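Geometric and topological summary
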Amino acid sequence: MDRYSRLRRIRQMDPQQDFERIYRWIVHYEFPRDYLHGTSVAFLRDYGVPRISRLLDRTQEFERAGQKRYDDTVLITYEMVREGMDSEHGRAAARHLNRIHGRYPIPNEDFLYVLATTVVGPKRWIDRFGWRHLSEQETESLALVGRRMGEMMGISGVPDTYAAFERLHDDYEREMFAYDPANRRVAAATLRILASWYPAPVRRPVSRVVLALLDEPLLEALGFRPQPRRLRTAAHFAFRARARLIRLLPTRPERFPRKPRARTYPFGWTLDDLGPHWAHSRPRAPLQDEAPPEQAPAPAQPSVPHAPRQETR
């Protein structure tokens, strides 16, 4: 296949019917690293909201087990989509996610914003630094996956188009971004996680490069100063050069999807491994659209979006 052969196939597909397949092609074939980078920036955006970062700061999850918290967020999303969101495995992953966060009294609008960052963040990163822009079909597939996740987590008022997700995302940030010491603590813990993936001598420069890629409203809310213009320019140039190089490479073959490589689980994981220790091996929690025995349907508590054992990645 040539570099654009999969894109030509996507343009002939209907996102309303094929959104999960298109989403998996984005994540595993077309933009695996860029999708992960966009998701990482989405995590940082969540911390610009004091109400969200104070809760995360109180749990101390990032301080005690930051890499696990990061991996678990990525992996639960992966598990929800891996066999199909309406498969038994996808529904089990949603139940597990609801069980983890159902104990926290989080406003529905905060869940909506966090969900929106997982849709808007990857799209904006890919359009900025990917080897090509997302097509219309790919963009709407991201939104439709986000909508289905929101429905499975019991979130109300979930948008049904990318444009609606983007409006919700930007309006919420204009209203809710503000500095709080908890913002900086949680963001600093996350930067340490990202930097820890690299050799010790370059960890500080890596953190500065990450900050150089963030916009000023977010930096202000997190309590970080903007990086020097020359560093911002160099970082932008480096990522654009990377995109041009990737554009020249052959497309990833169907038989070699790029799957998550979780540092916390070098020998694989089960669904029950994901989340804090208190959430493991608990009784099954019903999904939003399931009724407990002899009871009326009750919505599951919404969850911040952030099994069978996997083979070692």
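Refer to the preceding data block for the structure.
Residues numbered from 1 in each chain as written. Predicted model: local features only at pLDDT ≥ 70, side-chain atom pairs only at ≥ 80, totals over all residues. Heavy atoms only, no water.

**Some words on the overall build of the chain**
- For the chain, the helix and strand inventory stands at 13 helices and zero strands.
- Within the chain, the proportion of its 313 residues that are buried is 55%.
- Surface exposure of the chain reaches about 15,200 Å², of which carbon and sulfur atoms provide 53%. (Helix = DSSP H or I, 4+ residues; strand = E, 2+ residues; numbered from the N terminus. Buried < 20%, exposed > 50% of the residue type's maximum accessible area, 1.4 Å probe, protein only. Areas by Shrake-Rupley, 256 points an atom, 1.4 Å probe, with all protein chains shown as cover.)

**Focus on the environment of Arg-232**
- Along the chain, Arg-232 falls in helix α13 (residues 229-248).
- A relative accessible area of 26% places Arg-232 in the partly exposed class.
- Excluding residues within four positions of it along the chain, Arg-232 makes contact with Ala-212, Pro-226 and Gln-227. (Contact = heavy atoms within 4.5 Å.)

**A short note on the side chain of Gln-227**
- Structurally, the position occupied by Gln-227 is in the loop between α12 (216-222) and α13.
- Here Gln-227 is in contact with Arg-208, Leu-211, Ala-212 and Arg-232, once residues within four sequence places are set aside.

**What to know about the environment of Asn-183**
- Its location among the elements puts Asn-183 in helix α10 (residues 181-195).
- Residue classification places Asn-183 among the buried positions, given a relative accessible area of 0%.
- Note: C-alpha distance between Asn-183 and Gly-48 (135 residues apart in sequence) is 6.0 Å.
- Not counting residues up to four positions away in its chain, the partners in contact with Asn-183 are Tyr-47, Gly-48, Val-49, Pro-50, Ser-53, Ala-178, Ala-221 and Leu-222.
- At 2.4 Å, the side chain of Asn-183 forms a polar contact with the side chain of Ser-53.
- A distance of 2.9 Å separates a polar atom in the side chain of Asn-183 from the backbone oxygen of Ala-221. (Polar contact = N/O pair within 3.5 Å; in protein donor to acceptor, adjacent residues only side chain to side chain.)

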